[in-house]
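Structure at a glance
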Amino acid sequence: MGAGIVEVFARSGVDVVAVEISDAALDLGRVNLDRSTDRAVAKGRLDPADRDALLGRVHFAVGLDALHAVDLVVEAVPERLEVKRQLFAELDRICRPEAILATNTSSLSVTEIAVATGRPDRVVGVHFFNPAPVMKLVEVIRTVVTSAEVVADVEGLCARLGKVGVTVADRAGFIANALLFGYLNQAVAMLEAGYATREDVDLAMRLGAGLPMGPFALLDLIGLDTAYQILDTMYRRGGRNRRHAPVPLLRQMVTAGLLGRKTGRGFYTYERPGSPAVVADDATPNPVAGSATDGVPPVTRIGIVGSDARATGLATACTEAGHEVVTVAAEPTALTPLADVDLVIEAVAGEPSDRAALLAALAEVCKPEAVLVTTATPVIDLAMATGRPADVVGLALHEPTRAGAFAEIVRTVHSSARAVAAVRALCAALGRSVVVCGDRAGLVVDALLVGYLNDAVRMLEANYASVDDIDHAMKLGCGYPTGPFELLDTIGLDVALTVARELHREQREPGLAPAPLLEHLVIAGHLGRRTGRGFREH
Ligand SMILES: NC(=O)c1ccc[n+]([C@@H]2O[C@H](COP(=O)([O-])OP(=O)(O)OC[C@H]3O[C@@H](n4cnc5c(N)ncnc54)[C@H](O)[C@@H]3O)[C@@H](O)[C@H]2O)c1
């Protein structure tokens, strides 16, 4: 982060003194700066002459003495309170009395850092995002002792750096990390439980949720040691919310020195330390095994039950993919034309209480080897109603995102490999990337997404930040295509609440309990865009 922050200042014409703890660490920082600016030149984002001027503005030094005449210090040393407090006490002795001392901490108390100095009113949090030259957001953290003039100065500086500053009070994780890290930690728990692979979770969040990176690629970029420290601090400072209690796997990886890109290995393996290029390792799925078609039943005739836009869209897609399609309404008497389909998809809108009856009727009508696909969960309850649960598979089709079209295939404890392979083949024909996962509430995408959305509602409820600030923070700090409240209003607060309740019921995790504000808005009929009002008026 230090090298990235140096680049941000030098790019904006500010003279920078870049300080490290040793010659070796300083060299590494210099290499990081060179690589990043060379990449910017190669991509045409920076003129070679401007790069040279940028580098000319950076003075490199070992030790804090070089900082005696600066106006502002931005600290980016490891995320440990005692390390930072000691450093600030030293900075306080070395720097001019009027200098502003800023910390880039992600989760530690800026107040506790400030009171280690004799000028707590001139200490502020200035939280950049990774990679600092790219991400537009800076969270400015004002403690109860920070002077208004210092906050105004730093806000002005952010604007001069081309950043968008959001000023918040001193709370663990501020806005973006408080919302990001619960989700990242939950993803690690999924991996640790063997629910899904690193590749599947990353694919699901990129394609299914439209995020710029999957959680494991992001954790490797952040650094697992830093991520662990941030979670640990947020857990202790943030009311011991178990969503922030670091998953044991993280601790093990840190102890083993698997810190992410910076050490060449974290959740993924990289070409060399510091490289963004992922290389294959023991956990990389074998593409040949993954595409095996042996034993896949031929799927030519497809039945679709349902008559809304989703069902007709699916019918069109299947027809375009070369299948013969039979579409019927969701009434027991209308199902007869499905007698000889190879696979039937129940794509009935809403939550009909008689869905199990529908599945049972399909099992009666369809030929014995036909695969029965439901778009509802839990799949196993419906599968048991058919009397032939081995043939039943779940399917969650996601709205295509910029990254592509995606589906989750649900394999219950009864689903046969043959039935799963048939649905997989159908998705391939429809041009959809897939992950196959177990029959858990929210599957991969909604479980991770709704936990995060619920956290955002809790943050709003606690009056820590506004709807706009929270949406801004996630878009500009994490590169999300939409902020949590924009997303909630789009998918529908009732839909999110249903998933939140299912997640909570299944996992009994207090941190996943639906936010009361979400419940109240749903009771009030403020369901989002659909009703003209949700978190915003539409
Ligand atoms: N990694 C991220 O994505 C990210 C994002 C935003 C903020 N942050 C915050 O930035 C800070 C640094 O995180 P990081 O991931 O870059 O950590 P890091 O461990 O990769 O880098 C820390 C650097 O500080 C140097 N250092 C240690 N003690 C020092 C001292 N006394 N004087 C000068 N340099 C010293 C180390 O040599 C090392 O190069 C943390 O507070 C972290 O929470 C990190």
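Residues numbered from 1 in each chain as written. Predicted model: local features only at pLDDT ≥ 70, side-chain atom pairs only at ≥ 80, totals over all residues. Heavy atoms only, no water.

As for the packing of helix α10 (residues 224–237) against helix α11 (residues 248–255)
For any two helices packed against each other, one specifies the crossing angle of their axes together with the interaxial distance. The test is simple: Between the N-to-C directions of two axes lies an angle of 0 to 180 degrees, each axis being a line fitted to C-alpha atoms and, for a helix, fitted only over the stretch in contact. Each helix is a run of DSSP H or I of at least 4 residues and each strand a run of E of at least 2, with the numbering of both proceeding from the N terminus. Working definition: roughly parallel below 35 degrees, roughly antiparallel above 145 degrees, roughly perpendicular at 65 to 115 degrees, and oblique for all remaining angles. Should the near helix be turned anticlockwise from the far one by less than a right angle, the crossing is left-handed, and should it be turned clockwise, the crossing is right-handed. Here, residues are in contact when the closest pair of their heavy atoms is within 4.5 Å. Classification convention: Asp, Glu, Lys, Arg as charged; Ala, Val, Leu, Ile, Met, Phe, Trp, Tyr, Cys, Pro as nonpolar; all other residues, Gly among them, as polar.
At a minimum axis distance of 9 Å, the contact between α10 and α11 shows a crossing angle of 140°. Our classification of the angle between α10 and α11 gives oblique. The handedness of the crossing between α10 and α11 comes out as left-handed. From α10, L224, D225, Y228 and L231 reach across to α11, where they touch L250, R251, M253 and V254. Classifying every residue of the contact of α10 with α11 gives six nonpolar, no polar and two charged.

So, the site of the ligand
Heads up, the condition is: Summary of the distance rule: residues count as near a molecule or strand when at least one heavy atom falls within 4 Å of that molecule or strand. Identification of polar contacts relies on pairs of N or O atoms within 3.5 Å, with a donor-acceptor requirement for protein atoms, meaning one able to donate a hydrogen and the other able to accept it, and with residues adjacent in sequence counted only if both atoms are side-chain atoms. Areas reported as accessible are Shrake-Rupley estimates using a 1.4 Å probe. Residue values count occlusion only from the protein chains shown.
The immediate surroundings of the ligand are formed by 19 residues, with E20, E79, K84, S106 and I222 found nearest. At 3.1 Å from an oxygen atom of the ligand is found a main-chain nitrogen or oxygen belonging to M1. Here E79 contributes a side-chain N or O atom positioned 2.6 Å from an oxygen atom of the ligand. Protein chains bury 80% of the 830 Å² of accessible surface belonging to the ligand in isolation. Going through the elements one at a time, α4 (81–94) and β5 (123–128) are the ones with two or more residues in the shell around the ligand. Taken together, the residues of the shell around the ligand sort by class into nine nonpolar, six polar and four charged.

Considering the sheet that holds strand β11 (residues 324–328)
Backbone-to-backbone hydrogen bonds pair the strands of a sheet. The strands run either parallel or antiparallel. Note the threshold: Note on pairing: two strands pair once DSSP finds at least 2 bridges between them.
What the seven strands build is an open sheet, ordered β11-β10-β12-β13-β14-β15-β16; its pairing is mixed. The open sheet terminates on both sides in strands that have one partner only, identified here as β11 and β16 (433–437). Sheet twist, expressed as the mean angle between neighbouring strand axes with direction ignored, is 25°. Pairing between strand β13 (residues 371–374) and strand β14 (residues 392–397): three bridges, direction parallel. Within the sheet, the bridge partner assigned to L372 lies in β14 and is V392. The strands touched by helix α8 (residues 198–208) are β15 (406–410) and β16; relative to β16, the strand with the most contacts, the crossing angle is about 130°. Across the sheet, helix α14 (residues 355–365) lies against β10 (301–305), β12 (343–346) and β13, angled at about 165° from β12, the strand it touches most.

So, empty space enclosed by the protein
Over the atoms, a rolled probe matching the size of one water molecule traces out where space is still vacant. Quick reminder of the rule: Each cavity reported here is a set of points on a 1 Å grid over the protein atoms alone in which a 1.4 Å probe fits but cannot get out, each pocket an open set with protein on both sides within 12 Å along at least five of seven lines, and each lining residue one with an atom within 4 Å of a point. Grid points are joined across faces, edges and corners, and a volume is the space filled by probe spheres set on the points.
Under the counting rule described, the total for this entry stands at two cavities of 30 Å³ or more. Counted as a void, the largest cavity has a volume near 40 Å³. Those elements that place two or more of their residues in the lining of the largest cavity are β3 (72–75), β5 and α6 (148–160). Considering each element in turn, the lining of the largest cavity owes the most residues, three residues, to α6. Its residues assigned to classes, the lining of the largest cavity comprises 10 nonpolar, no polar and no charged. Of the volumes computed, that of the second largest cavity is approximately 30 Å³. Every residue along the wall of the second largest cavity is listed here: Y183, M205, L211, L448, L449, Y452 and Y480. If you tally residues by element for the lining of the second largest cavity, the top one is helix α17 (residues 445–461), at three residues. Of the residues contributing to the lining of the second largest cavity, the split by class is seven nonpolar, no polar and no charged.

Structural notes on a positive patch on the surface
In plain terms, the rule: What makes a patch is a set of residues exposed beyond 30% relative accessible area and free of salt bridges, joined within 9 Å when like-charged and within 5 Å when nonpolar (Val, Leu, Ile, Met, Phe, Trp, Tyr). Salt bridge, as applied in this entry: a Lys or Arg side-chain nitrogen positioned within 4 Å of an Asp or Glu carboxyl oxygen. Positive charges come from Lys and Arg, negative ones from Asp and Glu, while His and the chain ends are left out of the count. To locate a charge, take atom NZ for lysine, CZ for arginine, CG for aspartate or CD for glutamate.
Together, R35, R39, K43, R45 and R272 make up a region of like positive charge exposed at the surface. Following the sequence through the fold, R35 ends up in helix α2 (residues 23–42).

Brief notes about the pattern of salt bridges
Threshold: Each residue is assigned to one of three classes by its accessible area relative to the maximum for its type, calculated with a 1.4 Å probe on protein chains only: buried under 20%, partly exposed between the two thresholds, exposed over 50%.
If you walk through the whole model with that rule in mind, you get 29 salt bridges. Here D468 makes a salt bridge to R536, at a shortest N to O gap of 2.8 Å. Here D468 is found in helix α18 (residues 467–478), whereas its partner R536 is found in the segment after α21 (516–523), with 68 residues between them in sequence. Overall, D468 belongs to the partly exposed group, its relative accessible area being 44%. Taking the relative accessible area as the measure of exposure, R536 reaches 25% and is therefore partly exposed. In this structure, the salt-bridge partner of R530 is D494, at a minimum N-O distance of 2.6 Å.

With respect to the pairing of strand β7 (residues 164–169)
Our working definition: Looking down the strands as they point away from you, a crossover is right-handed if its path from the first strand over the helix to the second goes clockwise.
One ladder, built from six bridges, connects strand β6 (residues 137–142) with β7; its direction is parallel. When the sheet's bridge partners are listed, E139 is paired in β7 with V166. With respect to chirality, the unit in which β6 leads through α6 into the neighbouring parallel β7 is right-handed.

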